[in-house]
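What follows is the residue order along each chain.
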Amino acid sequence: MNTPLDRTLTYRLHQLHKLTDMGSQSVYPERTGLSMSDGRCLTTIGTFEPLSVKELADKGNLNKGQASRAAQALVDQGLVLKADHPGDGRGVVLTLTPAGREVFERAMAMVHQRNQDIFGCLTDKEQATLSSLFDRLIAHARPGVVTDAPQGVQ
């Protein structure tokens, strides 16, 4: 028997993503002065700095053009410093400025609160289990690992 669409993993992940994004859309500008997209890039840079635009794209789940535009917008706002990459004459390294660090701290406080709000219906043990399961699913879905979509996954 086929799984109904509304019971598939991808359908439910997409639904949860949309529901949680609706709340974040207004909270990011309110708390950080940034759009949700720029805020996500800033938190990615702050978490993994120093990093290249390519690394920002990889870690931020963006294409390279989106990452480049977002990085430049954050540079233009004085939140990110773009310096020449020491090992690559064509590359750049992104780091937060002091002003960017302040916005990063506010954004991360908001992210942690949003996660508390979302996961608040789960016990600590359930949260740990879900986190572990997500780690396994992400590792399994990385390019080169999944060759065919299993039955019931769309």
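Since the model is a prediction, treat every value here as computed from it, not as a measurement. (Residues numbered from 1 in each chain as written. Predicted model: local features only at pLDDT ≥ 70, side-chain atom pairs only at ≥ 80, totals over all residues. Heavy atoms only, no water.)

Caption draft 1: Fine view of the nonpolar core. Membership of the largest hydrophobic core comes to 19 residues, with the highest contact counts inside it found for L42, I45, L56, L74, V80 and L94. Those elements that provide at least two residues to this core are α2 (36–48), α3 (53–60), α4 (64–76), β2 (88–96) and α5 (98–119). Here this core gets four residues from one element, more than from any other, and that element is α4. Residue contacts for L74: discarding those within four places in its chain leaves L34, D38, C41, L42, I45, L79 and V80. Among the nonpolar cores identified, the runner-up in size contains five residues, and V27, M36, A107 and M110 belong to it. (Core = buried A, V, L, I, M, F, W, Y, C linked by side-chain atoms within 4.5 Å. Buried < 20%, exposed > 50% of the residue type's maximum accessible area, 1.4 Å probe, protein only. Helix = DSSP H or I, 4+ residues; strand = E, 2+ residues; numbered from the N terminus. Contact = heavy atoms within 4.5 Å.)

Caption draft 2: Representation of the environment of L51 in the model. Within the secondary structure, L51 is located in the loop between α2 and α3. L51 sits in the buried class, given a relative accessible area of 2%. Ignoring sequence-local partners within four residues, the contact set of L51 consists of T44, I45, L56, V92, V93 and L94.

Caption draft 3: Molecular detail of a nonpolar patch on the surface. A surface patch of nonpolar side chains, amounting to about 230 Å² of accessible area, comprises L9, L13 and L137. Relative to the elements of secondary structure, L13 occurs in helix α1 (residues 9–32). (Patch = residues over 30% accessible without salt bridge, like charges linked within 9 Å, V, L, I, M, F, W, Y side chains within 5 Å. Areas by Shrake-Rupley, 256 points an atom, 1.4 Å probe, with all protein chains shown as cover. Salt bridge = Lys/Arg side-chain N within 4 Å of Asp/Glu carboxyl O.)

Caption draft 4: Looking closely at the packing of aromatic side chains. Evaluation of the coordinates by the stated rule reveals zero aromatic pairs. For the cation-ring pair, K59 lies above F48, with the distance from its terminal atom to the ring centre recorded as 4.7 Å. (Phe/Tyr/Trp six-rings, centres within 6.5 Å; stacked < 30°, edge-to-face > 60°. Lys NZ or Arg CZ within 6 Å of the ring centre and 35° of its normal.)

Caption draft 5: Spotlight on the packing of α2 against α3. Contact pair α2 / α3: the axes reach a minimum separation of 10 Å and the direction vectors enclose 110 degrees. In terms of orientation, α2 lies roughly perpendicular with respect to α3. Remark: the crossing between α2 and α3 carries right-handed chirality. Mapping the contact onto sequence places C41, T44, I45 and F48 in α2 and L56, K59 and G60 in α3. Class assignment of the residues belonging to the contact of α2 with α3 gives a composition of four nonpolar, two polar and one charged. (Axes fitted to C-alpha atoms, helices over the stretch in contact; angles between N-to-C directions. Parallel < 35°, antiparallel > 145°, perpendicular 65-115°, else oblique. Left-handed = near helix turned anticlockwise from the far one by under 90°. Nonpolar A, V, L, I, M, F, W, Y, C, P; charged D, E, K, R; others polar.)

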